[in-house]
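# Overview (structure and organization)
The lines below spell out each chain.
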Protein chains: 2
Amino acid sequence: MVHTAELIAVGTELLLGNIANTDAQILSKELSALGINVFHHSVVGDNPQRLREVVETARGRADLIITTGGLGPTCDDLTKNVLAECFGKKLVFNREAALRMEAYFKKLHPDSGKMTENNYQQAYLPEGCVPFQNDWGTAPGCGFEVNGVRVVMLPGPPSECAPMFRERAVPFLQDWTDGVIASRTLRIFGMGESAVEAQLREHMNAMKNPTLAPYAKEGEVELRLTAKADSEEAAQALMAPAEAALRRRFGQLIYGVDVPSLESVCLELLKERSLTVSVAESCTGGLLAQRLTDLPGASAAFKGGVVSYWSQVKHDVLNVPNDLLFQYGAVSEPVARAMAEGVRTLTGSDLALAVTGVAGPDPDDRGNPVGLVYVSIAGQGETFVRVIHAAGPRARIRHLAANHALDLLRRRLSGLEMG
Amino acid sequence: MVHTAELIAVGTELLLGNIANTDAQILSKELSALGINVFHHSVVGDNPQRLREVVETARGRADLIITTGGLGPTCDDLTKNVLAECFGKKLVFNREAALRMEAYFKKLHPDSGKMTENNYQQAYLPEGCVPFQNDWGTAPGCGFEVNGVRVVMLPGPPSECAPMFRERAVPFLQDWTDGVIASRTLRIFGMGESAVEAQLREHMNAMKNPTLAPYAKEGEVELRLTAKADSEEAAQALMAPAEAALRRRFGQLIYGVDVPSLESVCLELLKERSLTVSVAESCTGGLLAQRLTDLPGASAAFKGGVVSYWSQVKHDVLNVPNDLLFQYGAVSEPVARAMAEGVRTLTGSDLALAVTGVAGPDPDDRGNPVGLVYVSIAGQGETFVRVIHAAGPRARIRHLAANHALDLLRRRLSGLEMG
């Protein structure tokens, strides 16, 4: 039987346009992959009467209602009360949830005594529900079923909503997803989405199982294969030849399958080879170091870096010769080279990356255009420099510049052409 | 009379999660500013029956229905047909719209002859409507009124929807928009959402105009005042005493009103005072520098920084004495102090920030717990160190640590207690 979901987002901030309903996007993608139809999204404010009406409409046309938001400690947070009322359930105090929150609060505020009273509101859950422990925030979620309609309540912040769905709601819905859906995500750096899509278009439309869909991510493209079969093994077997065909087509542009990011691939390669890296950053201003150190265990391979925003710092700290800075300017091939070699010497790392460029919004004082960036990699032997012409706003240029630096590192560590 | 709008987005790509409903966010913001309430957003696929039902529900609870999407040339584009049917109108050929499209097509494809037949579908509009010429794309929109309910149809792409609303729909709604809604956002760092709310709860419920609502952001709280009045001046006058009362209550915890972020406040203060800053980061790994340099014009005040992830780099680059590192460990008050002083000397900046701590997931090799962080600020005179016990996942600890460092900088620059 095919099930139908309606997503109800609760929050006046959505109706005021303070935030977009990204939860609906995330959940819709996940539900499609599970084979559950999504026919309606609804958004309603922190108003019990209107929420009640929306829930009544939803239960008449969907057998899965997923709410997002309105589970917090403030008086605006009324989702649980209204849903419990609509489905004839009482809210009962969940001792385990309360203890968990107390522990979380104590960890957050070790010196401030007891948790405030309003926080306990979050520990009241509909009787007979399956509580969803929230390991990504405070408010627990839950799931229950009444007369064939299932209700799932998730917290609103996307950083909590997404993992709560995957880790808590999916097991709760397991019996509704007969058959197994498996997917593989091939990640591509170095070719734009429309170019990838143009290469694949006819191929894609012909594919039924597995299906193939491209997703544009900032400066990258994801290709997701999704197969449906009776078992995990059968689904994997369906995807294997399709993955092989994609690998033949895109070759070294594919930097990983089911990997979280370019930086995580780099860190794993560094660890495997017992090598260390350091970074020298100008226009990325710390972004490259930040992305590498977002990963737990980064200290095994990442020694440190220098954000040489001013030329003076390039000279004083990284030892970039003043005559290079004077002759070619800070945004130049020779300076990118000297920055990478300088930070490598400074930290004694095996490899070193450098980035210098114009992130915008204005051209630099030498008239170099916004988006011109040099990235380089130094190690034993010759230093390599790649020049990039990136487009878009400041944040995108910085992100792409960091991607290119990481791509150099990945290629070097994998013995590929530097491209 | 206050009017109530419902936004209906039409498109299966929204229900599959391929895109987020950003049109709803844009339009909600614009409608709030016009004093028109938005009580519901709905999303429905390219399905005439379900769209019809959603429209029938909407006309029972709103007197303004705005649709986005489904105006294009393909057979999925059914918004006009369904809305015209629901409101008892015929679609009639609009010659002006057709000529405009032909011209647009010729400009886009100068060599490809005549426009394809399916494009003419877009020139059929409900009889008696006000056509909305689309200068940002192909498909025209329109507006009409039946029995006191107004219908506005806008194209789906946000780059068309937003200007079409402002330039075409707003004039169509002019006679409905008496009154102005204005808001002010006070930003607080240093107190949690539930504590802020506990202080304000009674007060908030008593407030009608302006209203007051708290929003939790990562490690911060926003308080939003919203007032409705006949003019912008009158709305501002309603908010002024409420803002003053909040300032008396929260004092130095309020770091700005209608400001984008803690780092932007810091950067503005640095520029006003013609001071420079540099940073030394361990557990934040570049995040602090990255946040400061995300802002255009950061180079006016930010000289650079050192990511001293390894103790060796703390010593070799920042000149942190080895005996401090040995005696107290890298995560300690004396090392935080030495890092800030070290990077200040290295870069010659007026002020310097340092962060050292345990971001997790594991305690450090001295057994310091995850979340223990020291942040410090050095300048002329004494170096100040603050100790933090942060909770949550790695990313949150890093974000909070950077917030605390920025808070030290803001307090120093504003002559406040370091707290």
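Residues numbered from 1 in each chain as written. Chains lettered and ligands numbered in written order. Predicted model: local features only at pLDDT ≥ 70, side-chain atom pairs only at ≥ 80, totals over all residues.

### Some thoughts on the sheet that holds strand β1 (residues 4-10) of chain B
Strands belonging to one sheet form pairs held by backbone hydrogen bonds; the direction of such a pair is parallel or antiparallel. The sheet built from 12 strands is open, its strands ordered β6(A)-β7(A)-β8(A)-β3(A)-β1(A)-β2(A)-β2(B)-β1(B)-β3(B)-β8(B)-β7(B)-β6(B) with mixed pairing. The sheet is open, and its two borders are formed by β6 (130-132) of chain A together with β6 (130-132) of chain B, each paired with just one other strand. For this sheet, the mean angle separating the axes of adjacent strands, direction not counted, is 15°. For β6 of chain A and strand β7 (residues 141-146) of chain A, the ladder comprises three bridges, and the chain directions are antiparallel. Looking at β7 of chain A, one finds that Pro131 of chain A is bridged to Cys142 of chain A. Strands in contact with helix α2 (residues 22-33) of chain B are β1, β2 (37-44) and β3 (64-68) of chain B; relative to β1 of chain B, the strand with the most contacts, it is inclined by about 165°. (Pairing = 2+ DSSP bridges. Helix = DSSP H or I, 4+ residues; strand = E, 2+ residues; numbered from the N terminus. Axes fitted to C-alpha atoms, helices over the stretch in contact; angles between N-to-C directions. Contact = placed C-beta atoms within 7 Å.)

### A word on the interface of chain B and chain A
Of the residues lining the interface, 58 residues belong to chain B; the matching set on chain A comes to 60 residues. Here the side of chain B that touches chain A is built from residues that sort into 29 nonpolar, 22 polar and seven charged. In terms of strand pairing, strand β2 (residues 37-44) of chain A meets β2 of chain B through five bridges, oriented antiparallel. Following the sheet pairing, Ser42 of chain A is matched in β2 of chain B by Ser42 of chain B. (Nonpolar A, V, L, I, M, F, W, Y, C, P; charged D, E, K, R; others polar.)

### Side note on the nonpolar core
Leu353 of chain A together with Leu353 of chain B are the most contacted members of the largest nonpolar core, which has 150 residues in total. Contact partners of Leu353 of chain B, with chain neighbours within four places excluded, come to Val277, Val279, Leu288, Ala340, Val375, Ile377, Ala405, Leu408 and Leu409 of chain B. Ala97 of chain A together with Leu14, Leu31 and Val44 of chain B belong to the second-largest nonpolar core, a separate cluster that totals 90 residues. (Core = buried A, V, L, I, M, F, W, Y, C linked by C-beta atoms within 7 Å. Buried ≥ 20, exposed ≤ 12 C-beta atoms within 10 Å, placed from the backbone.)

### Quick look at helix α2 (residues 22-33) of chain A
The terminal C-alpha atoms of α2 of chain A, which comprises 12 residues, lie 17 Å apart, in line with the 16 Å expected from a rise of 1.5 Å per residue. Of the positions making up α2 of chain A, those classed as buried are Asp23, Ala24, Gln25, Leu27, Ser28 and Leu31 of chain A. Of the surrounding elements, those touching the buried residues of α2 of chain A are β1 (4-10), β2, β3 (64-68) and α6 (158-172) of chain A together with α1 (12-15) of chain B. Immediately downstream of α2 of chain A, the backbone of Gly35 of chain A shows phi near 80°, a positive value. (Expected span 1.5 Å × (residues − 1).)

### Quick word on unusual backbone geometry
In this structure, Pro210 of chain A follows Asn209 of chain A across a cis peptide bond, with omega equal to 10°. With an omega dihedral of 10°, the bond running from Gly360 of chain B to Pro361 of chain B counts as a cis peptide bond. The residue Pro361 of chain B is located in the loop between β15 (351-357) and β16 (372-378) in this model. With a phi angle near 50°, Ser274 of chain A is a residue other than glycine that sits in the positive phi range. Tracing the sequence through the fold places Ser274 of chain A in the loop between α9 (262-272) and β13 (277-281). A tally of 9 C-beta atoms within 10 Å means that Ser274 of chain A is categorised as exposed. Of note in this structure, Asp258 of chain B is not a glycine but carries a positive phi near 55°.

### Observations concerning the packing of helix α3 (residues 48-59) of chain A against helix α4 (residues 79-86) of chain A
Residue and element names in this part refer to chain A. At a closest axis distance of 10 Å, the pairing of α3 and α4 adopts a crossing angle of 50°. Relative to α4, the element α3 is oriented oblique. Here α3 runs over α4; the crossing is right-handed. Across the interface between the two elements, Pro48, Leu51, Arg52, Val55 and Glu56 from α3 touch Val82, Leu83 and Cys86 from α4. Broken down by class, the residue content of the contact of α3 with α4 amounts to six nonpolar, no polar and two charged. (Parallel < 35°, antiparallel > 145°, perpendicular 65-115°, else oblique. Left-handed = near helix turned anticlockwise from the far one by under 90°.)

### Things to note about the pairing of β13 of chain A
All names here are of chain A. Among the five residues of β13, five are classified as buried, and the element is accordingly described as predominantly covered. The alternating pattern of β13 places Val277, Val279 and Glu281 on one face and Ser278 and Ala280 on the opposite face, and all of these are buried. Sheet topology places β13 next to strand β14 (residues 302-307); five bridges connect them, and they run parallel. Along β14, the bridge assignment pairs Ala280 with Val306. Where β13 and strand β15 (residues 351-357) come together, five bridges link them in parallel fashion. From the neighbouring strand, Ala280 faces β15, where its bridge partner is Ala354.

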